[in-house]
Amino acid sequence: MAYKDFVNDRNKGILKDVLLFYGAEDFLMNWAVESIVNEYVDEAARDIDLIHLEGEQVTAADIMAQARAYSMFSERRVVVVRNYLPLFRKAADVSADELLSFASQPQGSSVVIFVVESRYSPDLTSYGKKLAKACGAYEFSRLERADLKAFITKRVHTAGKMIARRELDHMIDVTGYYNKGSLYDLAQLEKDIDKIVRACSGDAVNMQLIEEILIGDSDRFVFGLVDALVAGDRGKALAIAEAIIRDEDGSM
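Residues numbered from 1 in each chain as written. Predicted model: local features only at pLDDT ≥ 70, side-chain atom pairs only at ≥ 80, totals over all residues. Heavy atoms only, no water.

A.B. asks: Can you walk me through the overall build of the protein in this structure?
C.D. replies: Within the protein one finds 12 helices and 5 strands. Overall, the protein is about 60 × 40 × 30 Å in size when its C-alpha atoms are taken along their principal axes. The buried share among the 252 residues of the protein stands at 48%. Summarising the internal contacts of the protein: among those between residues at least 6 apart in sequence, 77% fall at separations of at least 24. Summing over all exposed atoms, the protein offers an accessible surface of approximately 13700 Å²; the carbon and sulfur share of this is 50%. In the protein, 31 side chains carry a positive charge and 41 a negative one; their mean positions are 4 Å apart. (Helix = DSSP H or I, 4+ residues; strand = E, 2+ residues; numbered from the N terminus. Buried < 20%, exposed > 50% of the residue type's maximum accessible area, 1.4 Å probe, protein only. Contact = heavy atoms within 4.5 Å. Areas by Shrake-Rupley, 256 points an atom, 1.4 Å probe, with all protein chains shown as cover. Lys, Arg positive; Asp, Glu negative; His and termini not counted. Charge placed at Lys NZ, Arg CZ, Asp CG, Glu CD.)

And the structure:
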């Protein structure tokens, strides 16, 4: 299931009590965790009712014990397990099989969220796939282009600025977000948008400003240039090459 599936299920109130988040976008996974925490855990009681467990050290028995404890002051207790080792690497845990049965059952007073960060998500093990079937699993992959445009536009407008369609498309292309093997993600994009709107002296973001802010990462442009050449997109390749040349020492 994708990001939109999570949003729809949350809005309908049909999320399961044990969840697994994985995929390419840590930004979206962290947002999803935060939305569940905000819904169930009282802000003043987060030291007690919000539990964070490091998955490389914790056991299945530890996870289930925390989930079975009752919340003290909040509607529900939320247990966040980040990078539980058996999900992406062969690891011995005597209670791991019991966790599969646990994950398929309602938990009552608790919500358990397994998060597999983007760096480990491609290595999901057969055990990880079994857990995904047992609980509510959502893959937070890269946003589709229309959603990415909405992501950028919303943040630009919130900052009191405007961005036209042509500039919006150019920003997406320059970031290399969709380039094969790109490490550029929404977290980095949000930081770059913030830089752009802060540097924008007028009402609208223009091409020159986009290039001035984004061409600092030369590796990003090199990958974009290669992809454009391979795809036979001469216009895009020339635009990227010009941006590289304009960067200080970029042409080297």
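Now that the structure is up, let's keep going.
A.B. asks: Sorry if this is basic, but what is going on with the side chain of Asp17 here?
C.D. replies: On the secondary structure map, Asp17 appears in the loop between helix H1 (3-12) and strand S1 (18-22). For Asp17, the side chain forms a polar contact with the side chain of Arg76, separated by 3.0 Å. Contact partners of Asp17, with chain neighbours within four places excluded, come to Arg76, Pro106, Gln107, Gly108, Ser110, Val111 and Val112. (Polar contact = N/O pair within 3.5 Å; in protein donor to acceptor, adjacent residues only side chain to side chain.)

A.B. asks: Would you explain the pattern of salt bridges in this entry?
C.D. replies: Pairing is possible between side chains that carry opposite charge, provided their charged atoms lie close to one another. Evaluation of the coordinates by the stated rule reveals 11 salt bridges. Through salt bridges with shared partners, one network takes in Arg145, Lys149, Asp169 and Asp173. (Salt bridge = Lys/Arg side-chain N within 4 Å of Asp/Glu carboxyl O.)

A.B. asks: Would you explain the nonpolar core in this entry?
C.D. replies: Within soluble globular proteins, side chains that are nonpolar generally end up buried alongside one another. Among the nonpolar cores identified, the biggest contains 43 residues, and Phe21, Ile36, Val78, Ile113, Ile152 and Leu186 are the most heavily contacted of them. With 8 residues, the single largest contributor to this core is helix H2 (residues 26-40). Ignoring any residue separated from it by four or fewer positions in sequence, one finds Ile152 in contact with Leu168, Met171, Ile172, Leu189 and Ile193. Leu53, Ile63, Leu99 and Tyr120 belong to the second largest nonpolar core, which has 32 residues in total. (Core = buried A, V, L, I, M, F, W, Y, C linked by side-chain atoms within 4.5 Å.)

A.B. asks: What am I meant to see in the packing of helix H9 (residues 186-199) against helix H10 (residues 207-214) here?
C.D. replies: Helix-helix packing is characterised by the crossing angle of the two axes and by the distance between the axes. Contact geometry for H9 and H10: axes closest at 10 Å, N-to-C directions at 130°. Taken together, the axes of H9 and H10 are oblique relative to one another. The element H9 and its partner H10 pack so that their crossing is right-handed. On the side of H9, the interface is formed by Asp192, Lys195, Ile196 and Ala199, while H10 contributes Leu209, Ile210, Ile213 and Leu214. Of the residues assigned to the contact of H9 with H10, the class counts are 6 nonpolar, no polar and 2 charged. (Axes fitted to C-alpha atoms, helices over the stretch in contact; angles between N-to-C directions. Parallel < 35°, antiparallel > 145°, perpendicular 65-115°, else oblique. Left-handed = near helix turned anticlockwise from the far one by under 90°. Nonpolar A, V, L, I, M, F, W, Y, C, P; charged D, E, K, R; others polar.)

A.B. asks: When you look at the environment of Leu238 in this model, what are you seeing that I'm missing?
C.D. replies: Within the secondary structure, Leu238 sits in helix H12 (residues 234-246). For Leu238 and Ile196, which are 42 residues apart along the polypeptide, the C-alpha to C-alpha distance reads 23 Å.

A.B. asks: Sorry, what's going on with helix H5 (residues 96-103) here?
C.D. replies: Residues separated by three or four positions in an α-helix point in the same direction, a consequence of the helix having 3.6 residues per turn. Buried residues of H5: Ala96, Leu99, Leu100, Phe102 and Ala103, and no others. Looking down the long axis of H5, one finds its buried residues gathered within 165° of arc, a one-sided arrangement. Packing partners of the buried residues in H5 comprise S1, helix H4 (60-68), strand S4 (110-115) and helix H6 (126-134). (Arc of directions from axis to C-beta.)

A.B. asks: Explain the layout of surface pockets to me, please; I cannot follow it from the model alone.
C.D. replies: The gaps left among the atoms become clear once a water-sized probe is rolled over them. Empty space within the largest pocket amounts to approximately 270 Å³. Tyr3, Phe27, Leu28, Trp31, Leu143, Asp147, Ala150, Phe151, Lys154 and Arg155 together form the lining of the largest pocket. Elements supplying a minimum of two residues to the lining of the largest pocket: H2 and helix H7 (145-158). Per element, the largest residue contribution to the lining of the largest pocket is 5 residues, and it comes from H7. In the lining of the largest pocket, the residues fall into 7 nonpolar, no polar and 3 charged. (1 Å grid on protein atoms, 1.4 Å probe; cavity = no way out; pocket = protein on both sides within 12 Å on 5 of 7 lines; lining within 4 Å. Points joined across faces, edges and corners; volume = space filled by probe spheres on them.)

A.B. asks: Teacher, can you tell me more about the pairing of strand S3 (residues 77-82) here?
C.D. replies: On a regular strand, each side chain points to the face opposite its neighbour's, so the side chains alternate between the two faces of the sheet. In terms of residue burial, S3 counts as a mostly covered element, since 5 of its 6 residues are buried. With 5 bridges joining them, strand S2 (residues 50-54) and S3 adopt parallel strand pairing. Opposite Leu50, over in S3, you have Val78 as the bridge partner. Where S3 meets S4, 6 bridges bridge the pair, whose relative direction is parallel. Across the sheet, Val80 pairs through a bridge with Ile113, a residue of S4. (Pairing = 2+ DSSP bridges.)

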